[in-house]
Amino acid sequence: TALGSLLQARGLVYVTAPGPPSRVYGLHIKSGSRQWEFKSPVPSAALADLAGPAYSSSTGHARAVFLAYNAPGPAGGPGGVSNSSSWLQAVDVDRGSGMWRSQPLQQVQLQQLELHRGTLLAMPAAADALYGFNYSDGALLWTQRRRFCSTPSPVAESYGGQLVLASSCDGPLELAVMGAETGTMYWEGWQVPDAAMPIGNCTWVSVVDGSIVFGCSCSIHGRGKHRSSR
């Protein structure tokens, strides 16, 4: 079985087999022995991504990891397009048992899943929307329907209770800052420093000491010259 994503916590390493049928294994780091195996409740579902772990506020111990699933549906659209669906699943890291399962997103194929404080950030393969889920019960908190940069990971950087994202990977780069819990867009766009105009090949966004850092190929003074700029 091909192995996919990998996380580590509580003396275990969590390894996925995307499937279908998909599996998640909790393996002891030192011995490699298997402590538990979690099977998808939907045999036809494929595992898209793994995020976490989330930690208990009272004990500080890892409590859960989170899975994003995609499943095909019956052909129902023009030309037999599949009515596929996606959902999230929380798994207890000690027992390997399911904790909650979110309501499905219809006609969506998720690709990336990230945990930012108490919000699970999910992005579809089309990179044309973002979904914010409550990590404690899987409730959908908000949806932002617009294009964001989906690769390379991460989709977003956390800064306080805010998310810093790039809305284009090809250029010109657009930045967006939004609330993780509410999905509220605080601001977007940016002012080009000096005469450097980004034209493409932009990196993903990082937040360092309160500053947003990224790199792009730029055209300087409209002369067609290019260089890397931050």
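Residues numbered from 1 in each chain as written. Predicted model: local features only at pLDDT ≥ 70, side-chain atom pairs only at ≥ 80, totals over all residues. Heavy atoms only, no water.

### Here's the deal with the overall build of the protein chain
A count of helical and extended segments in the protein chain gives 0 helices and 22 strands. A burial count over the protein chain gives 43% of its 230 residues as buried. For the protein chain, the exposed area adds up to about 11,600 Å²; of that, 49% sits on carbon and sulfur atoms. (Helix = DSSP H or I, 4+ residues; strand = E, 2+ residues; numbered from the N terminus. Buried < 20%, exposed > 50% of the residue type's maximum accessible area, 1.4 Å probe, protein only. Areas by Shrake-Rupley, 256 points an atom, 1.4 Å probe, with all protein chains shown as cover.)

### Overview of the sheet that holds strand 11 (residues 119–124)
Paired through backbone hydrogen bonds, the strands of a sheet run either parallel or antiparallel to each other. With respect to topology, 4 strands assemble into an open sheet ordered 10-11-12-13, the strand pairing being antiparallel. Taken across any chain shown, the strands that pair with only one partner, and hence form the sheet edges, are strand 10 (110–116) and strand 13 (140–144). Put simply, the sheet's adjacent strands are angled 20 degrees from each other on average, direction ignored. Sheet topology note: the strand 12 (residues 130–134)/strand 13 ladder contains 4 bridges and is antiparallel. Paired with Phe 133 across the bridge in strand 13 is Leu 140. (Pairing = 2+ DSSP bridges. Axes fitted to C-alpha atoms, helices over the stretch in contact; angles between N-to-C directions.)

### Side note on the confidence of the model for the protein chain
In this model, the protein chain carries a mean pLDDT of 77, and residues with pLDDT of at least 70 account for 68%. The low-confidence segment residues 221–230 (pLDDT under 50) makes 21 contacts with residues lying over four places distant or belonging to another chain. (pLDDT = per-residue confidence, 0-100. Contact = heavy atoms within 4.5 Å.)

### Comments concerning the pairing of strand 14 (residues 156–159)
A regular strand carries its side chains on alternate faces of the sheet. Examined bridge by bridge, strand 14 and strand 15 (residues 162–166) share 4 bridges and lie antiparallel to one another. For Ala 156, the partnering residue across the bridge sits in strand 15 and is Leu 165. Where strand 14 folds back on strand 15, the antiparallel hairpin that results is connected by 2 residues, among which Gly 160 adopts a positive phi of roughly 65 degrees.

### A look at the pairing of strand 6 (residues 62–71)
With 9 of its 10 residues buried, strand 6 lies for the most part within the structure. As paired strands, strand 5 (residues 46–55) and strand 6 are joined by 7 bridges and run antiparallel to one another. Bridging from a neighbouring strand, Ala 46 pairs with Asn 70 of strand 6. What sits between the antiparallel neighbours strand 5 and strand 6 is a turn of 6 residues, in which Gly 60 has the positive phi angle 80 degrees.

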